[in-house]
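This is what each chain is made of:
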Amino acid sequence: MSHFLVDFDREASLTLEQPLGNTILGPEEHIRNMTRDDLTGFIRDNYTADRMCLVGAGGISHEELVKLAEKNFASLPTSPNPIPLGGVSRAAPVFSGAEVRIRDDTMETLHIALAVEAVGWRSPDYWPMLVMSAVFGNWDRGLGASPLLSSKLSHIISSNNLANSYQHFFTNYSDTGLWGVNIITENLNNVDDLMHFTLREWTRMSLAPTVAEVERAKSQTKAAQLLVLDGTNAIADDIGRQMVTIGRRYTPKEVERYVDAVTPEDIKRVAQKYLWDKDFALSAIGRTEGLLDYSRIRADMSSLIY
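Rules used in this analysis
- Residues numbered from 1 in each chain as written.
- Predicted model: local features only at pLDDT ≥ 70, side-chain atom pairs only at ≥ 80, totals over all residues.
- Heavy atoms only, no water.
- Helix = DSSP H or I, 4+ residues; strand = E, 2+ residues; numbered from the N terminus.
- Buried < 20%, exposed > 50% of the residue type's maximum accessible area, 1.4 Å probe, protein only.
- Contact = heavy atoms within 4.5 Å.
- Areas by Shrake-Rupley, 256 points an atom, 1.4 Å probe, with all protein chains shown as cover.
- Phe/Tyr/Trp six-rings, centres within 6.5 Å; stacked < 30°, edge-to-face > 60°.
- Lys NZ or Arg CZ within 6 Å of the ring centre and 35° of its normal.
- pLDDT = per-residue confidence, 0-100.
- Salt bridge = Lys/Arg side-chain N within 4 Å of Asp/Glu carboxyl O.
- Axes fitted to C-alpha atoms, helices over the stretch in contact; angles between N-to-C directions.
- Parallel < 35°, antiparallel > 145°, perpendicular 65-115°, else oblique.
- Nonpolar A, V, L, I, M, F, W, Y, C, P; charged D, E, K, R; others polar.
- Core = buried A, V, L, I, M, F, W, Y, C linked by side-chain atoms within 4.5 Å.
- Expected span 1.5 Å × (residues − 1).
- Polar contact = N/O pair within 3.5 Å; in protein donor to acceptor, adjacent residues only side chain to side chain.
- Pairing = 2+ DSSP bridges.

Novice: Outline the overall build of the protein, listing residues and values.
Specialist: The secondary structure content of the protein amounts to 11 helices and 7 strands. Burial analysis of the protein (306 residues in total) assigns 38% to the buried set. Considering only intrachain contacts with a sequence separation of at least 6, the fraction spanning at least 24 residues in the protein is 77%. When the accessible area of the protein is evaluated, it comes to approximately 17500 Å², of which 56% is carbon and sulfur surface.

Novice: Account for the packing of aromatic side chains, naming residues and giving values.
Specialist: Scanning the entire structure with this criterion turns up 11 aromatic pairs. An angle of 75° between the planes, with centres 6.0 Å apart, marks the rings of Phe-136 and Trp-179 as edge-to-face. Here Phe-136, found in helix α4 (residues 126–136), pairs with Trp-179, found in strand β6 (residues 177–185); they are 43 residues apart in sequence, far enough to count as distant. The structure contains a cluster of three or more aromatic residues connected by ring pairs, namely Trp-121, Tyr-126, Trp-127, Phe-170, Tyr-250 and Tyr-258. The lysine or arginine in question, Arg-257, covers the ring of Tyr-258, its NZ or CZ lying 5.7 Å from the ring centre.

Novice: How would you sum up the confidence of the model for the protein? Please name residues and give values.
Specialist: For the protein, the mean per-residue pLDDT works out to 86, and 88% of the residues sit at or above 70. Confidence drops under a pLDDT of 50 for residues 1–16, and excluding neighbours within four residues, the segment shows 30 contacts in the predicted structure.

Novice: If you had to explain the pattern of salt bridges to someone new, which residues and values would you point to?
Specialist: For the structure on display, the rule yields 22 salt bridges. Residues Arg-248 and Glu-254 are paired through a salt bridge, measuring 2.4 Å at the closest nitrogen-oxygen approach. For Arg-248, a relative accessible area of 34% corresponds to the partly exposed category. What makes Glu-254 buried here is its relative accessible area of 14%. For Arg-287, the salt bridge is made with Glu-289, and the minimal N-O distance between the two is 4.0 Å. Judged by its relative accessible area of 39%, Glu-289 falls in the partly exposed class. One salt-bridge network, held together by shared partners, links Arg-103, Asp-105, Arg-287 and Glu-289.

Novice: Describe the packing of α4 against helix α10 (residues 264–274), listing the residues and the values that go with them.
Specialist: It is at 9 Å that the axes of α4 and α10 come closest, and there the two elements cross at 95°. Between α4 and α10, the angle falls in the class roughly perpendicular. Seen from α4, the contacting residues are Pro-128, Met-129, Val-131 and Met-132; seen from α10, they are Asp-266, Ile-267, Arg-269, Val-270, Ala-271 and Tyr-274. Partitioning the contact of α4 with α10 into residue classes produces 8 nonpolar, no polar and 2 charged.

Novice: For the packing of α4 against helix α7 (residues 211–227), give the residues involved together with the corresponding values.
Specialist: Contact geometry of α4 with α7 gives a least axis separation of 8 Å together with a crossing angle of 105°. Here α7 runs roughly perpendicular to α4, going by the angle between their axes. Residues Leu-130, Val-131, Ala-134 and Val-135 of α4 touch α7, and the partners they reach there are Glu-213, Val-214, Arg-216, Ala-217, Lys-218, Gln-220, Thr-221 and Gln-225.

Novice: A description of the nonpolar core should follow, citing residues and the corresponding values.
Specialist: Formed by 54 residues in total, the largest nonpolar core has its most connected members in Ile-112, Leu-114, Met-129, Met-132, Trp-179 and Trp-202. Top element by residues in this core is α4. It accounts for 9 residues. Not counting the four nearest positions on each side in its chain, Trp-202 is found in contact with Leu-114, Val-116, Phe-136, His-168, Trp-179, Gly-180, Val-181, Leu-275 and Met-301.

Novice: Go over α7 with me, naming the residues and quoting the values.
Specialist: The end-to-end C-alpha separation of α7 is 24 Å, in line with the 24 Å expected for 17 residues at 1.5 Å each. For α7, every residue scored as buried is listed here: Glu-213, Val-214, Arg-216, Ala-217, Lys-218 and Thr-221. The secondary structure elements touched by the buried residues of α7 are α4, α6 (191–204), α9 (252–260) and α10.

Novice: Please provide a residue-by-residue account of the environment of Asp-50, values included.
Specialist: Position of Asp-50 among the secondary structure elements: in the loop between α2 (36–46) and α3 (62–73). With 31 residues separating them along the chain, Asp-50 and Asn-81 place their C-alpha atoms 9.3 Å apart. Residue contacts for Asp-50: discarding those within four places in its chain leaves Thr-78, Ser-79, Pro-82 and Ile-83. In terms of polar contacts, Asp-50 uses its side chain to reach the side chain of Thr-48, at 3.0 Å.

Novice: Report on the pairing of strand β5 (residues 165–172), specifying residues and quantitative values.
Specialist: By the criterion of burial, β5 is predominantly enclosed, with 6 of the 8 residues buried. Two strands pair when backbone bridges link them, and strand β4 (residues 138–140) and β5 are joined in this way by 3 bridges, in the antiparallel orientation. Looking across to β5, one finds that Asn-138 is bridged to Gln-167. In this structure, β5 lies alongside β6, joined through 8 bridges in antiparallel fashion. When the sheet's bridge partners are listed, Asn-172 is paired in β6 with Gly-177. The loop that links β5 with its antiparallel partner β6 comprises 4 residues.

Written out as structure tokens, the structure reads:
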């Protein structure tokens, strides 16, 4: 018998008061009622000179790019209250612990996303948190080398068959961010063990990150940062994103220097600040009956008990 249940935490609705709590596309009724005037008004208000960044990558000189910009974009209007590159247009959103569970017994797997409040692009804690995400990394049991991955969490999950895969993420905005993990599992009898050992590894970062795992994560972070710069399109996207969000571009050499400067003590400090005993946002869909209540999971944010 199919069982569908939607369980929204009281505080989950509060996030909708912030723009980050809304979907990108918006509700269906808004899309269906959209008119030509809505589209032209949006373009008029948002496609202004102070909201754009023109980037050139590849075989073009700076002087030639400037001439093309003056010829083609000099007539663009400017907002009444222009925002400088890297500026913040509004107060930072408020993060509150919340959960959304959608139970669907027709699904064979359980999908879980769990995240804590993190930092924006310009925070000095950005680089240690980026490296800390790489400490845990990603794991998929379908990969032939999955039992050989060096992450301690991957060994725990692999040897006990606790999940199908997991992926740690670090999502950033100009003034805030989310740091967390996406998990998929079909082992529905051991969901509590899965969450416990995952969060136990998180809390271990507040006490005893090892030199070896931090150095490995730093190497992986540098490699990942270089791999995304594959071609002029990717380079232009990287430059434009950084110019809009922080007002300047970190060159690959600068990124390497910032990552190399991260130490186990930095990892320990940011873990204590953003992970240890902190509220989190949880979403789950599938057969959620094995996922214990928020308070029980929250207790593992400050516990190393096996």
